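Descriptive structure summary
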Amino acid sequence: MQWASAGEFFAMGGYAFYVWGSFGACALLMIVEPFLAKRRLSEVRRSLIRERLADELESQQRTQ
Amino acid sequence: MNAFFATVRRDLLLAMRRKSEVLTAVFFFVIVTSLFPLGIGPEPVLLKKIAPGILWVAALLATLLGLPRLFAADHVDGTLEQMALSPSPLGLLVAGKILAHWLLCGLPLVLLAPLLGLQFDLDASALGILTLALLLGTPLLSLIGAIGAALTLGVRGGGVLLALLVLPLYIPALIFGAGAVEAHIAGLDVGGHLSLLAAMLVLAAFFAPWATTAALRIALE
Amino acid sequence: MRKSIVHWFKFASPQSFYPLAGRMIPWFWAAAAVFGISGLWISFFVAPTDAQQGEGYRIIFVHVPASWMSMFIYMVMAFWAGLGLALNTRVSAMMAQSLAPTGALMAALSLWTGALWGKPMWGAWWVWDARLTSELILFFLYLGFMALQAAIDDPRRADKAGAILALVGVVNIPIIYFSVKWWNTLHQGSTINMNKAPSMAQTMLWGMLLMAMAFWMYSIAVALMRVRAIILERERHTEWVKHAVG
């Protein structure tokens, strides 16, 4: 362990902007991408459920 | 083989009736190369240094200009479907169309390049290398471009998409083509550049018509 | 033998792959988390400060895995696309489509972290180094693949056209890489050799490998998530999808 304090850790020996800029960009994109994939999946599911409800309503009305 | 030459002849005849399409690409080439000195300044040393790159990039873009039309007209009037159904292999006919494209869009650039090179203060031997490199490189551009043209046939925003697909694949041709002239100006041997360019041309001549045919069949489905 | 082939083809149908992917995703997330945490721990607390580059070298713990993954994903994508073209299996084409954005993301991360590494080390955000240039071209190839697939409305045609493009790309990548390298050595002025830059300590290599594993697992997990959405979108009119969505 080469860090004496948390401040020193975050300073990264003067390279803070570059190191945290790299790791931060990776973390950010790797959170955003799964979120977008998840949203795409739930959007399809929602529209499929809506479609099915519409179908069911239609068939109910037809039987009445 | 007759079918091959018939296709070449037909495409050339069709192009002769609509000369403006061929001339557009040539004028584009001339104008773009002439714009660079105006943007950069008339200093001969600098111009001589950047000439190979500029001429090659302009040639690349000029070839790109004619590519969307390579299959489009035949696709619209149904000729392409007839070609796919004809007894002669589609790959052969496609190769004929690519050759015709090169004769119309590539060869004029090769012939004009030495003239344009004079604007950039290139000496006679450098002009010779430039012409030779373009002679090997422009067929390669037509071959690779044909794959892109077939893939984007009848697709929304085809022209811009074609540029996006094809330009990254043109990079090796650009590097070795422009590199040959630069190496010659720097007094180095150009044999390596030219033979690599020729090797890529042979490779593309084997595979590109095949890939283009596959892409066309998909577009026709 | 015959039975095992049948067994594998069973998962080639969207209907059976959809729930299977759903079951696999949490495991890949867990693996990504384990590898990621241990990799980060090594890269920040175990790996020593580099003698030449100080703490700035720690960027390689994300830069190198992102570059590796961007190249690897293109190969995998082309493999699935080619398989889809040859065997006409729908899931493999969907898998290729779902991998492309992740691959492009990795290429973008590689370029971004490369720039952030280059600025303090070489004094420039961008140098026309052979690797950075090839990475940029790879990024363009990903963009082309995604743009082509997005522009074609018929999904079957989009799959096949994308497959041809991916295969052409795979043939071209070595040629492009070689030509860029040649171009780079010819113009000696700006050459900077990244191979020699950090003398790699054993712990650094471990950190990089663990981070690469984390990136790999992440890519699989997110590609599976996306492929599930693609399956539902494409198969929305089939009977099984109506039952699968509760």
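Definitions and cut-offs
- Residues numbered from 1 in each chain as written.
- Chains lettered and ligands numbered in written order.
- Predicted model: local features only at pLDDT ≥ 70, side-chain atom pairs only at ≥ 80, totals over all residues.
- Helix = DSSP H or I, 4+ residues; strand = E, 2+ residues; numbered from the N terminus.
- Buried ≥ 20, exposed ≤ 12 C-beta atoms within 10 Å, placed from the backbone.
- Rg over C-alpha atoms; globule rule 2.2 N^0.38 Å.
- Contact = placed C-beta atoms within 7 Å.
- Nonpolar A, V, L, I, M, F, W, Y, C, P; charged D, E, K, R; others polar.
- Axes fitted to C-alpha atoms, helices over the stretch in contact; angles between N-to-C directions.
- Parallel < 35°, antiparallel > 145°, perpendicular 65-115°, else oblique.
- Expected span 1.5 Å × (residues − 1).
- pLDDT = per-residue confidence, 0-100.

A word on the overall build of chain C
Of regular secondary structure, chain C possesses eight helices and zero strands. Expressed as a percentage of its 246 residues, the buried residues of chain C come to 47%.

Looking at the overall build of chain B
Per the secondary structure count, chain B includes nine helices and zero strands. When the elements of chain B are put in sequence order from the N terminus, they spell out α-α-α-α-α-α-α-α-α. Computed over its C-alpha atoms, the radius of gyration of chain B comes to 18 Å, within 12% of the 17 Å expected for a compact globule of 221 residues. Counting every position in chain B, which comprises 221 residues, the buried fraction comes to 51%. When contacts within chain B are restricted to residue pairs at least 6 apart in sequence, long-range pairs at least 24 apart make up 81% of them.

Side note on the interface of chain C and chain B
Contact residues are listed per partner, giving 23 residues for chain C and 21 residues for chain B. For the side of chain C that touches chain B, the secondary structure elements donating two or more residues are α5 (130–151) and α6 (155–186) of chain C. With 14 residues, α6 of chain C is the single largest residue contributor to the side of chain C that touches chain B. Within the side of chain C that touches chain B, the residues separate by chemical class into 18 nonpolar, three polar and two charged.

A few points about the environment of Q2 of chain A
Among the structural elements, Q2 of chain A can be located in the segment before α1 (6–11). Judged by local crowding, Q2 of chain A falls into the partly exposed class, with 13 C-beta atoms found within 10 Å. Spatially, the C-alpha atom of Q2 of chain A lies 55 Å from that of I49 of chain A, the residues being 47 residues apart in sequence. Excluding its chain neighbours within four sequence positions, the residues that come into contact with Q2 of chain A are P48 and T49 of chain C.

Concerning the packing of helix α7 (residues 124–151) of chain B against helix α8 (residues 158–185) of chain B
Orientation of α7 of chain B relative to α8 of chain B, taken along the N-to-C sense of each, is 170 degrees, at an axis distance of 9 Å. With respect to α8 of chain B, the axis of α7 of chain B lies roughly antiparallel.

Regarding helix α3 (residues 60–87) of chain C
With 28 residues, α3 of chain C ought to run about 40 Å at 1.5 Å a step, and its terminal C-alpha atoms sit 39 Å apart, in line with that. Downstream of α3 of chain C by a residue or two, N88 of chain C has a phi angle that is positive, lying close to 60 degrees.

Quick notes on the confidence of the model for chain C
For chain C, the average pLDDT comes to 85, and 89% of its residues sit at 70 or higher. Note on residues 188–194 of chain C: pLDDT is under 50 here. Beyond four places in sequence and across chains, it has nine contacts.

Describing unusual backbone geometry
Comment: phi is negative for the bulk of residues other than glycine, and the bulk of peptide bonds are trans. Look at D121 of chain B: it is not a glycine, yet its phi comes out positive at around 65 degrees. Mapped onto the fold, D121 of chain B is located in the loop between α6 (90–119) and α7. Of note, N88 of chain C is a non-glycine position whose phi angle comes to about 60 degrees, a positive value. Structurally, N88 of chain C is set in the loop between α3 and α4 (90–122).

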